[in-house]
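Single-letter residue listing:
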Amino acid sequence: MTIEFPVTTSYKTEFIDITQKIKSTVKQAVKEYAEYAGESGDTANPAPDGICTVFCPHTTAAVTINENADSDVLHDLEIGLDKAFPDRNEFRHSEGNSSAHLKSSCVGASETVPINQGRLVLGTWQGIYFCEFDGPRNRKCIVQIHLY
Amino acid sequence: MTIEFPVTTSYKTEFIDITQKIKSTVKQAVKEYAEYAGESGDTANPAPDGICTVFCPHTTAAVTINENADSDVLHDLEIGLDKAFPDRNEFRHSEGNSSAHLKSSCVGASETVPINQGRLVLGTWQGIYFCEFDGPRNRKCIVQIHLY
Amino acid sequence: MTIEFPVTTSYKTEFIDITQKIKSTVKQAVKEYAEYAGESGDTANPAPDGICTVFCPHTTAAVTINENADSDVLHDLEIGLDKAFPDRNEFRHSEGNSSAHLKSSCVGASETVPINQGRLVLGTWQGIYFCEFDGPRNRKCIVQIHLY
């Protein structure tokens, strides 16, 4: 199952919590998997294993997994990434957003999360975030789920 | 196959080589895959392809792949990450470990490694490491293997 | 399907666009998938979903996804990574390429890209790059494609 959903960002840098959206997509995929198995005459496995790939199709944004409890962590991620990958005089790209491209490559376009017995295997304090580094913009996020 | 294993860390920052654990898990998965195929009456493929996702369920730790030969590389990774993502006065998170959260997002929570003909496709000098950035702690690591 | 192809680099740091190679590999895998389904007597799905993992088997190189239009972005990525992860006096690794090992772990050895209806799901401005951080060298890149 491949789905795409919109992400609207409001700031230059922003971490949007997409954990619930990913979890509900996994739930829907598990339901369809069981229904399809039932139609095929197979015994439906109500709790399959699998993997979930969360993919960002933009070059000045990214996907990461980090703390879901204290939003100060997100503030500090923003500061720390700005300091590690600041704008520089040597940069040539005329759009002036090379710092965002750097953050995109270091944080990364994809995260792959295991699915165990029908459930996304996230740690207690983990949330999945769409990372905007050059907003505000209308973005999208892609989720690919394979159950077996 | 989804398995979870404990990782006990002894230092603030530490790179634990989990390559052998991942390789033996792949070997076990390949064995079970062949047995299951045999029971189903299918011709068992003794050397299936697949993918192996190594996942860290913590927000101040990560998973990476790097040199397995000279431990000085791990020393230098520690220094280089400390310099790129130091503690900063502007940080707000009251636990005081935002530097570890930053390293976690930049190194990343997951790595996906191909399996070719029943074997993990690692380069000659590559080892898989569980990265502790806020230890010592009792951690766990999750491995998801899909063969086909 | 697991394939390996050579990548020859010419500079110390270089971003080699491997997008067309990955796309043609996906196309070939989709063709073989349909042929195999036909031979098995199944109805061939000409446009399967799946995932494509691009993997770098080296510890001073990496794989990333970034802008495919303006090559100035690649210039700026090189500068920005050099500044964030420079050579340091404290480094011990005798080969003197610890900066390249650091970039390898931060950019990452693998990217996983969804395949939707037989096509690689890349954003409009996204290209897939093999990143050389310690060249020139003869390298290789591994692509694992699973369709279903």
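This text goes with the structure placed above it.
Fair warning: this is a prediction, and the values are worked out from it, not measured in the lab.

### Regarding the sheet that holds strand 4 (residues 61-67) of chain A
Residues and elements named next belong to chain A. Here three strands make up an open sheet; going across it, the order is 2-7-4 and the pairing antiparallel. Edge positions in the sheet fall to strand 2 (14-17) and strand 4, since each of these pairs with one other strand and no more. Each neighbouring strand pair of the sheet contributes to a mean axis angle of 35 degrees, computed without reference to strand direction. Note: strand 2 against strand 7 (residues 126-132), four bridges, orientation antiparallel. Counted as the bridge partner of Glu14 is Glu132 from strand 7.

### A word on the environment of B:Leu81
Here B:Leu81 shows up in helix 2 (residues 72-84). Between the C-alpha atom of B:Leu81 and that of B:Phe133, which follows or precedes it by 52 residues, the distance is 9.8 Å. Those residues in contact with B:Leu81 that sit more than four places away from it in its chain are B:Phe15, B:Lys103, B:Val107, B:Phe133, C:Leu102 and C:Cys106.

### Here's the deal with the nonpolar core
Where a protein is soluble and globular, its nonpolar side chains tend to be buried together. Among the nonpolar cores identified, the biggest contains 48 residues, and A:Phe85, B:Phe85 and C:Phe85 are the most heavily contacted of them. Ignoring any residue separated from it by four or fewer positions in sequence, one finds A:Phe85 in contact with A:Ser99, A:Leu102, A:Lys103, A:Cys106, B:Phe85, C:Ala84 and C:Phe85.

### Section: the sheet that holds strand 3 (residues 50-55) of chain A
All names here are of chain A. Strand order in the open sheet formed by five strands is 1-8-3-5-6, and the pairing between neighbours is antiparallel. Looking at which strands have only one partner, the edges of the open sheet turn out to be strand 1 (2-8) and strand 6 (119-120). Note: strand 3 against strand 8 (residues 138-147), six bridges, orientation antiparallel. In the sheet register, Gly50 faces strand 8, and the bridge partner there is Leu147.

### Some words on unusual backbone geometry
Trans peptide bonds make up the majority, and among non-glycine residues the majority have a negative phi. All names here are of chain B. Cis geometry marks the peptide bond from Gly135 to Pro136, where omega comes out at 0 degrees. Its place among the elements puts Pro136 in the loop between strand 7 (126-132) and strand 8 (138-147). Positioned with a positive phi, Gln117 is a non-glycine residue whose angle comes to about 50 degrees. Mapped onto the elements, Gln117 comes out in the loop between strand 5 (110-116) and strand 6 (119-120). You can call Gln117 exposed: its relative accessible area is 56%.

### Side note on the environment of B:Gln28
Residue and element names in this part refer to chain B. The topology assignment puts Gln28 in helix 1 (residues 19-39). With 93 residues separating them in the primary sequence, Gln28 and Val121 have C-alpha atoms 16 Å apart. Here Glu32 takes part through its side chain, which lies 2.9 Å from a polar atom of the side chain of Gln28.

### Focus: the environment of C:Leu102
As for its placement among the helices and strands, C:Leu102 is situated in helix 3 (residues 98-107). Residue C:Leu102 is classed as buried on the basis of its relative accessible area of 1%. When the C-alpha positions of C:Leu102 and C:Phe133 are compared, they lie 9.6 Å apart, and in sequence the two are 31 residues distant. Discounting residues that sit within four places of it in the chain, C:Leu102 has contacts with B:Asp76, B:Leu77, B:Gly80, B:Leu81, C:Phe85 and C:Phe91.

Cut-offs and rules
- Residues numbered from 1 in each chain as written.
- Chains lettered and ligands numbered in written order.
- Predicted model: local features only at pLDDT ≥ 70, side-chain atom pairs only at ≥ 80, totals over all residues.
- Heavy atoms only, no water.
- Pairing = 2+ DSSP bridges.
- Helix = DSSP H or I, 4+ residues; strand = E, 2+ residues; numbered from the N terminus.
- Axes fitted to C-alpha atoms, helices over the stretch in contact; angles between N-to-C directions.
- Contact = heavy atoms within 4.5 Å.
- Core = buried A, V, L, I, M, F, W, Y, C linked by side-chain atoms within 4.5 Å.
- Buried < 20%, exposed > 50% of the residue type's maximum accessible area, 1.4 Å probe, protein only.
- Polar contact = N/O pair within 3.5 Å; in protein donor to acceptor, adjacent residues only side chain to side chain.

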